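# Fold and contact review
For reference, the chains in residue letters:
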Number of protein chains: 2
Amino acid sequence: MEGSSSQVSNGHPYIPHDLHLPGYVPCALPMSNILSVYGFSSLIVVCLTWIFSGRLPKITKVDRLLMCWWVFTGLTHMIVEGYFVFAPEFFKDKTGFYLAEVWKEYSKGDSRYVGRDAGVVAVEGITALLEGPASLLAVYAIATRKSYSFILQFAISLGQLYGTAVYYITAILQGDNFSTSSFYYYAYYIGANFSWIIIPSIIAMRCWRNICAVCGVQPQGGQTKKSKVR
Amino acid sequence: MEGSSSQVSNGHPYIPHDLHLPGYVPCALPMSNILSVYGFSSLIVVCLTWIFSGRLPKITKVDRLLMCWWVFTGLTHMIVEGYFVFAPEFFKDKTGFYLAEVWKEYSKGDSRYVGRDAGVVAVEGITALLEGPASLLAVYAIATRKSYSFILQFAISLGQLYGTAVYYITAILQGDNFSTSSFYYYAYYIGANFSWIIIPSIIAMRCWRNICAVCGVQPQGGQTKKSKVR
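Residues numbered from 1 in each chain as written. Chains lettered and ligands numbered in written order. Predicted model: local features only at pLDDT ≥ 70, side-chain atom pairs only at ≥ 80, totals over all residues. Heavy atoms only, no water.

## Focus: the overall build of chain A
In plain terms, the rule: Strands are runs of DSSP state E lasting at least two residues, helices are runs of H or I lasting at least four, and both sets are numbered from the N terminus onward. Residue exposure (1.4 Å probe, protein chains only): buried if accessible area is under 20% of the type maximum, exposed if over 50%, otherwise partly exposed.
Along the backbone of chain A there are six helices and zero strands. Put simply, chain A runs from its N terminus to its C terminus through helices and strands in the order α-α-α-α-α-α. In terms of principal-axis extent, the alpha carbons of chain A reach across some 70 × 40 × 30 Å. Here chain A, with 230 residues, has 53% of them falling under the buried criterion.

## Examining the layout of surface pockets
For clarity, the threshold we go by: Using protein atoms alone on a 1 Å grid, points that fit a 1.4 Å probe yet trap it form a cavity, whereas open point sets bounded by protein on both sides within 12 Å along at least five of seven lines form a pocket; residues with an atom within 4 Å of a point count as lining. Grid points are joined across faces, edges and corners, and a volume is the space filled by probe spheres set on the points. Each residue receives one of three labels: charged for Asp, Glu, Lys and Arg, nonpolar for Ala, Val, Leu, Ile, Met, Phe, Trp, Tyr, Cys and Pro, and polar for the others, Gly being one of them.
In this model, the largest pocket occupies a volume close to 800 Å³. Taken together, 32 residues make up the lining of the largest pocket; nearest its centre are A155(A), L158(A), G159(A), L158(B) and G159(B). Contributions of two or more residues to the lining of the largest pocket are made by α4 (118–143) and α5 (149–173) of chain A together with α4 (118–143), α5 (149–173) and α6 (182–216) of chain B. Among the elements that take part in the lining of the largest pocket, α5(B) stands out by supplying ten residues, more than any other. Class assignment of the residues belonging to the lining of the largest pocket gives a composition of 27 nonpolar, three polar and two charged.

## Overview of empty space enclosed by the protein
Evaluated as defined, the whole model comprises two cavities of 30 Å³ or more. Of the volumes computed, that of the largest cavity is approximately 40 Å³. As for the largest cavity, its lining consists of G109(B), D110(B), A171(B), D176(B), N177(B), F178(B), S179(B), Y185(B) and Y189(B). Along the walls of the second largest cavity sit G109(A), D110(A), A171(A), D176(A), F178(A), S179(A), Y185(A) and Y189(A), which together make up its complete lining. The residue makeup of the lining of the second largest cavity, split by class, is four nonpolar, two polar and two charged.

## Structural notes on the packing of aromatic side chains
So the rule is basically this: Pairing of aromatic side chains requires ring centres within 6.5 Å, counting the rings of Phe and Tyr and the six-membered ring of Trp. Pairs whose planes differ by under 30 degrees are stacked, by over 60 edge-to-face, and all others tilted.
Applying the stated rule across the entire model yields 52 aromatic pairs over all chains. Ring geometry for F154(A) versus W208(A): centroids 6.2 Å apart, planes at 50°, classification tilted. Pair noted here: F154(A) is in helix α5 and W208(A) is in helix α6 (residues 182–216), with a separation of 54 residues, a long-range link. Judged by its relative accessible area of 28%, W208(A) falls in the partly exposed class. Seen in terms of ring centroids, F84(B) and W103(B) are 5.2 Å apart; in terms of plane orientation they differ by 45°. Their pairing is tilted. Separated by 19 residues along the polypeptide, F84(B) in helix α2 (residues 61–86) and W103(B) in helix α3 (residues 98–106) bring together distant segments of the chain. Judged by relative accessible area, F84(B) falls into the buried class, the value being 0%. Its relative accessible area of 6% is what places W103(B) among the buried residues.

## Some remarks on α6(A)
For an α-helix the count is 3.6 residues per turn, leaving residues at separations of three or four pointing the same way. Condition: Every helix has an expected span of 1.5 Å times one less than the residues it contains. To get the bend at any residue, fit one axis to the seven residues that end at it and another to the seven that begin at it, then take the angle between the two axes.
Here α6(A) contains 35 residues, and its C-alpha end-to-end distance of 48 Å stays within 8% of the 51 Å for a straight helix at 1.5 Å per residue. At F194(A), α6(A) shows its strongest bend, of approximately 35°.

## Examining the UniProt feature "domain: EXPERA" (unreviewed entry) in chain A
The cut-off we apply is this: UniProt positions are given in the numbering used here, feature names are shortened, and annotations may be inferred rather than shown by experiment.
Within the UniProt annotation, "domain: EXPERA" (unreviewed entry) is assigned to residues 62–204 of chain A. Helix makes up 76% of residues 62–204 of chain A and strand 0%. Its end C-alpha atoms lie 14 Å apart.

In structure tokens, the structure reads:
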């Protein structure tokens with residue numbers, strides 16, 4: 001399907017056609033290559049996390065799954081989105097560098113990436129610099145049963161949901177017309193972000209429920225003998 | 001100081017001068033009037049909340065102060081920011097309607113409001129529609145000592161901080177040049193938003209600390225006999 005309805009104008013395939021991208025160098029890697037590298041490396045990371053987390057004493061399967069998610073999303077935020085934040089001219093890359101190719105390809109689903117939209121860069125900056133490292137901290141917090149495990153996972157999930165909300169609302173306000181074709185619209189713009197709506201929602205609800213359950217069995221909404229509410 | 005360095009071009013006082021605002025009607029109310037109405041009505045609301053919260057049994061002064069904050073910020077989000085979200089043509093208002101005057105005046109500190117910047121509208125939309133009602137729910141949660149009191153206050157504060165971060169980062173990425181003068185820059189753009197950085201930070205840290213304290217005294221990071229971690 002790739003390229004079936006994409007048009008090259010102004011030297012690039014992105015919508016709007018009049019987007020000014022001097023020095024644009026087309027994708028060197030085919031879509032299948034880009035997606036399979038991301039998919040395969042993610043699979044390795046998730047499998048390794050699953051295997052190593054199994055060695056932890058008394059860990060539940062849910063916590064092991066959560067660790068897999070936080071490793072996957074943390075590395076995606078830090079490496080893939082981190083590169084985007086600090087490489088404003090990725091579209092000029094001639095070397096076929098993988099991360100530049102990722103964003104050249106993804107921009108077919110949302111040209112605000114290649115066009116350096118302020119809202120997109122702001123959200124990606126917060127995601128890469130704060131939520132990325134915080135996600136890896138969540139892995140450590142789950143593994144070592146830290147008291148901040150739930151509230152940290154809740155905070156990151158809420159940040160991911162807020163970022164996704166800003167991402168879609170700004171697109172709608174700007175006319176929602178940044179995709180090269182409807183294939184890229186649904187595959188990249190909708191499909192690739194779908195996990196970051198569903199999974200953070202589930203995790204945020206789980207953390208909310210568990211924190212409420214703990215606070216609920218304490219007198220005065222969380223006060224304990226050991227820990228006075230300040 | 002008002003208007004000392006403001007210039008009227010293209011029929012309006014905002015920066016950039018070439019901002020296209022057909023049908024713009026200048027502010028009818030003076031700055032002192034706009035600020036004193038907001039200040040006075042906020043003071044009444046805060047005083048009433050303080051008085052009525054004093055009737056609640058065994059309530060701490062900190063919780064009473066928090067209730068005052070949540071009433072104030074909740075009503076600001078819902079009424080003032082809510083009006084902005086649903087009145088894209090406030091700058092054409094001829095009637096001297098107070099809320100239109102507020103945004104005509106505030107836009108001197110940040111013309112992205114009158115210019116309907118997508119990032120600003122997205123953040124204000126989330127703030128007005130989600131964080132506003134949630135703030136009033138926080139008042140109820142504190143008053144009735146709900147188990148979700150801390151996590152709700154934490155969630156709203158984090159949302160406020162995320163929104164403020166997006167607000168400033170997008171401004172910087174767009175050149176940070178939307179103020180009519182340095183007076184409006186520091187008084188409105190910086191000064192008026194300052195409370196929404198400091199207070200949510202303090203509340204978020206307090207909630208984090210208290211939730212951790214409660215989770216920390218439970219076995220397995222929050223598990224209790226009554227409430228199994230799911």
